[in-house]
Amino acid sequence: MKVWTFNIEEIVDVFGTNLEKGLSRVQVDKQLATHGPNVLAEAKGVSALTLFFDQFKSLIVWVLIGAAVLSGVLQEWVDTAAILAIILLNAGLGFFQEYRAEKSLAALKKLSTPTARVIRDGQKQAIPSSQLVPGDLVELEAGDHIPADGRVVWATSFRTQEASLTGESTPVSKETDRPLPEDTPLGDRATMVFLGTAAVSGKARMVVSETGMATELGKIAGLLASSGEEATPLQKRLEALGRWLVYLCLLIVGVVFGLGLIRGVPIVEMFLTAVSLAVAAIPEGLPAVVTMALAVGVQRMVKRHALIRKLPAVETLGCTNVICSDKTGTLTQNEMTVRQVWAGGVFYEVMGAGYAPEGEIRTKGQTGAQAGLPEDLTLTLRGGVLCNGSGLHQKEGRWTVVGDPTEGALLTAAAKIGLLQEQLDKEEPREAEVPFDSERKRMTVLCRRGSGWRAYMKGAPDVILNHCRYLHRGGRVEALGDVERQDVAKINETLATQGLRVLAMAYRDFDQKPATADHGTLEQDLVFTGLAAMQDPPRPEAAESIRHCREAGIRIVMITGDHPGTAQAVASELGLMGPGQESLTGIELDQLSEENLAHRVDQVGVYARVSAEHKLRIVRAWHSRGMVVAMTGDGVNDAPALKEADIGVAMGITGTDVTKEVADMVVLDDNFASIEAAVEEGRGIYENIRKFVYYLLSCNTGEVLVMFVASLIGWPLPLLPVQILWLNLVTDGLPALALGVDPPPKDLMRRPVRNRNEEIINRVFIMDMLGAGALIAACSLAAFGYVYWVEQAGVERARSMAFLVLAIAQLVHAFNSRSERLSIFQIGPFSNHWLAGATVISFALQIGIMVWLPAQKVFKTMAPNLSELGLAVGLSLMPLVVMEGIKAWRRARE
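This one's a predicted model, so the numbers in the text were calculated from it and none came from an experiment.

**Here we look at helix 18 (residues 482-497)**
Counting along an α-helix, one turn takes 3.6 residues, and residues three or four places apart therefore face a common direction.
Move 1: With 16 residues, helix 18 extends 23 Å from end C-alpha to end C-alpha; this agrees with the ideal 22 Å at 1.5 Å per step.
Move 2: The complete set of buried residues in helix 18 reads Glu484, Val488, Ile491, Asn492 and Leu495. Mapping the buried residues of helix 18 onto a view down its axis gives an arc of 100°, with all of them on the same face. Across helix 18 from its buried face, at more than 90 degrees, point the exposed residues Asp482, Val483, Lys490, Glu493 and Thr497.

Set out below in structure tokens:
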């Protein structure tokens, strides 16, 4: 029911409640049976066993399992054990990374308060909030968490903080008997309170209207459960790569097996050869190396304040086209700050941002420190401190506000010129207060001042002006005429159009203590002192980060629950509203069909006053245009869109548990600049993934060609299956992992966004891979043929020589793989010290298994003499020399 459209009498009739006694026990039991308990449904838990078996969905993994089974049938137990170890390593890494990925709805329950104060049968009682039913009469006060959705039926100075639900940072004042239009946005329903929000001031009573999954928070829980998660571009590319490799493997194995049978080779021997070729064709280490490289990338991103919860999200960042960013706490600091003060006809700029009392106040347009501050300014800020119900505190080095952020901003501004709240409270102790409420739109306090009294008032400028008769200007009090009133009204309008929230201050002195109950005396004939204009300021580094993202071809879209004027002002300051860009509100969004929204979505730079459903529609509209979308946010209302987006980005400091649990990435410092840094890392990691995929496949191509060519020309097998596995695990694995942390190119963020449909393997990739593989295979076959046919040293020593050349050639080829066009000497042979170290370690391991007796028995190797070692090194360098020549030719053509 749209209860915000009802008046209080209708609320009483609809829910059958009593505004003094609440519901009866009979009514409660009936409602509980109808609506059920006031709890959020939890998502069906994903068991650890299910998560573990999910790691075996990859086609490459199943091919590896098949190879392990075949090796076991042939009693090649070393091969079987090695393949199974690879499979389990990959599954274990993926399992532990994803173990906590499906806890979103459980986190939503943490926002429910455990108890509620209700009136039933005329008795006040505390009950578990799960037992609340529609119609219950609930008492609320500052500090309470709202236990359900409800209609406010009585309130005094009652305000709630709804940022986690609506995205608006300013506390919302609540009203009582004022029906609202049916299409009133969530953030403007001033007569309603919502589950998951909190009371920050005053007292109220509400009639519960919705409980459990019917609440606004419950609707978000439902969206969260229904929103899907698509496979990332990396997962899709690797799955396609796996299918390509399997088809290639089957083709090669079939050809070799058929040729062998035609030549009369025994079927068992040919079957062994076919299995060896299958092992050579499939890069067994690819899933593990990809996972480990992503894990290393995760550690690099942590250093740049970005925590990755799901490994494939690292690469997804690299092809992001659109970042849908929440405003509050993401692009802004989520700390109200006084930006300008108008007092005595003069504008003042307030330096510094946030609640820390750091920065100076100076006349607008003036540079450098200002000697002395006019009385008009100090009087305005003094009134803002004394007529204030909040407190400014420093805790663990961080300044925070207890109470209304708007009042906190006034305390901070005054502290910047030495007007401290504790000191002023002692100088002018408060003796009475007329609190703020949404109807009065003002607050008044009466303070003792020496032998007299002074009343301070603050509130909406138009309201304050109506209660003023004088103006404080130039250090003296003068009459406030119609011209002066019009001037103040114009200044207020100018500041408001800049997206600033404006408060006015005034005072009146009394010789005798006035009766505080007599508002007519206390709040009339006041002296107007000035205006304070404030906003939640943009993060200083956000504008530059947005500019960098634009240079990288990434669209930034602001999506907020805040007012349109505020949103547009922040967007303009950050440079978000480009030529031809427009803004839309939630109401306007509701009037667009899915087709119309998809058509207009690339023209909209700012969305204001939007709900969780709107954010979900926006993400889906971008998806319909084939874009890779990142969604940032910190509130509960952001969670469904975060889950639906290709990559969800939660704020680490201000983010709720819900957003952190559902997100792919958490920004630890709540800084938009960290998102830009993560995008850069994501692009670099994709480049590195492509490098080591090229490296692995070209090395495996060399191994396949060695086996394939040898079988075609009738040679003995140059490599044994266990030797191929060793090459894939050690000489491929360590250098490939080192390529995964290769330093990114300097122009990475000036390149256009990579198409999400771009295959890892393109024409240039295939040509280079086949060419490099052929060179590596030729060198290995030359070594085998020389030892076997020329030296006639036997097949075991020839295999050892081919094995050694293949290993060293692959290690050298790792340096080739760092760039398609730049020489290794241009990049710097040792600029990737991890690769240099991996090469040394892999070379030492390779020599070790050839000279250590126990390893010789396992790998069927023989120790090389010095001349053979020199020949092996010489042959292994040939691919590097040839590829350097090809790169030089490419650069010359460019």
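**Looking at the sheet that holds strand 24 (residues 604-608)**
Move 1: Across the sheet, which stays open at both edges, the eight strands sit in the order 8-27-26-25-9-22-24-23 with mixed pairing between neighbours. The sheet is open, and its two borders are formed by strand 8 (306-308) and strand 23 (582-585), each paired with just one other strand. When the angles between neighbouring strand axes are averaged without regard to direction, this sheet yields 20°.
Move 2: With three bridges joining them, strand 8 and strand 27 (residues 665-667) adopt antiparallel strand pairing. Along strand 27, the bridge assignment pairs Ala306 with Val667.
Move 3: Contacts from helix 21 (residues 564-574) reach strand 22 (555-559), strand 23 and strand 24 within the one sheet, and its direction differs from that of strand 24 by about 145°.

**Quick look at the environment of Ile119**
Move 1: With respect to the helices, strands and loops of the structure, Ile119 is situated in strand 1 (residues 115-120).
Move 2: The contact partners of Ile119, leaving out residues within four places of it in the chain, are Glu20, Lys21, Gly22, Leu23, Lys124, Leu137, Glu139 and Arg205.

**Things to note about helix 31 (residues 795-816)**
Move 1: With 22 residues, helix 31 should reach 32 Å at 1.5 Å per residue; the first-to-last C-alpha distance of 31 Å fits that figure.
Move 2: Summarising burial for helix 31: 20 of the 22 residues are buried, a large majority.

**Concerning the packing of helix 14 (residues 375-386) against helix 15 (residues 405-415)**
Move 1: Running from N to C, helix 14 and helix 15 cross one another at 135°; their axes reach a closest spacing of 9 Å. The angle between helix 14 and helix 15 falls in the class oblique. Crossing of helix 14 against helix 15: the hand is left-handed. Packed against helix 14, whose contacting residues are Leu381, Gly384 and Val385, the element helix 15 presents Leu410, Leu411, Ala413 and Ala414 at the interface.

**Regarding the packing of helix 30 (residues 763-790) against helix 31**
Move 1: Look at helix 30 against helix 31: their axes get within 8 Å of each other, and the N-to-C directions meet at 155°. Classified by the interaxial angle, the pair formed by helix 30 and helix 31 is roughly antiparallel. As for how helix 30 packs across helix 31, the hand of that crossing is right-handed. For the pair helix 30 and helix 31, contact is made by Ala772, Ile776, Cys779, Ser780, Ala783, Phe784, Val787 and Tyr788 and by Val795, Arg797, Ala798, Arg799, Met801, Ala802, Val805, Leu806, Ala809, Gln810 and His813, respectively.
Move 2: Among the residues forming the contact of helix 30 with helix 31, the class breakdown is 14 nonpolar, three polar and two charged.

**So, the environment of Arg751**
Move 1: Tracing the chain through its elements places Arg751 in the loop between helix 29 (733-739) and helix 30.
Move 2: When the C-alpha atoms of Arg751 and Arg683 are compared, they prove to be 9.8 Å apart, with 68 residues separating the residues in sequence.
Move 3: For Arg751, the residues in contact, after removing those within four places along its chain, are Ala552, Arg683, Glu687 and Pro745.

**Focus: a nonpolar patch on the surface**
Move 1: Taken together, the side chains of Trp244, Leu248, Leu251 and Val255 present a nonpolar region at the surface, about 330 Å² in accessible area.
Move 2: Look at Trp244 and you get partly exposed, because its relative accessible area is 33%.

**Observations regarding the confidence of the model for the protein**
Move 1: Mean pLDDT for the protein: 84, with 87% of residues reaching 70 or above.
Move 2: Below pLDDT 50 for its whole length, residues 100-109 participates in 31 contacts with residues either more than four positions away or in separate chains.

**Points about the pairing of strand 18 (residues 468-473)**
Remark: a regular strand shows side chains that alternate across the two faces of the sheet.
Move 1: Where strand 18 and strand 21 (residues 526-535) come together, three bridges link them in parallel fashion. By the bridge assignment for strand 21, Leu471 is matched with Phe528.
Move 2: When strand 18 meets strand 19 (residues 476-479), the two strands line up antiparallel, connected through four bridges. By the bridge assignment for strand 19, Arg473 is matched with Arg476.
Move 3: Taken together, strand 18 and the strand that follows it, strand 19, pair antiparallel across an intervening segment of two residues, in which Gly474 is found at a positive phi of about 65°.

**Considering the pairing of strand 3 (residues 137-141)**
Move 1: Among the five residues of strand 3, four are classified as buried, and the element is accordingly described as predominantly covered.
Move 2: Bridge analysis of strand 1 against strand 3 gives three bridges, and the strand direction is antiparallel. Counterpart to Ile119 in the pairing with strand 3 is Leu137.

Definitions and cut-offs
- Residues numbered from 1 in each chain as written.
- Predicted model: local features only at pLDDT ≥ 70, side-chain atom pairs only at ≥ 80, totals over all residues.
- Heavy atoms only, no water.
- Helix = DSSP H or I, 4+ residues; strand = E, 2+ residues; numbered from the N terminus.
- Expected span 1.5 Å × (residues − 1).
- Buried < 20%, exposed > 50% of the residue type's maximum accessible area, 1.4 Å probe, protein only.
- Arc of directions from axis to C-beta.
- Pairing = 2+ DSSP bridges.
- Axes fitted to C-alpha atoms, helices over the stretch in contact; angles between N-to-C directions.
- Contact = heavy atoms within 4.5 Å.
- Parallel < 35°, antiparallel > 145°, perpendicular 65-115°, else oblique.
- Left-handed = near helix turned anticlockwise from the far one by under 90°.
- Nonpolar A, V, L, I, M, F, W, Y, C, P; charged D, E, K, R; others polar.
- Patch = residues over 30% accessible without salt bridge, like charges linked within 9 Å, V, L, I, M, F, W, Y side chains within 5 Å.
- Areas by Shrake-Rupley, 256 points an atom, 1.4 Å probe, with all protein chains shown as cover.
- Salt bridge = Lys/Arg side-chain N within 4 Å of Asp/Glu carboxyl O.
- pLDDT = per-residue confidence, 0-100.

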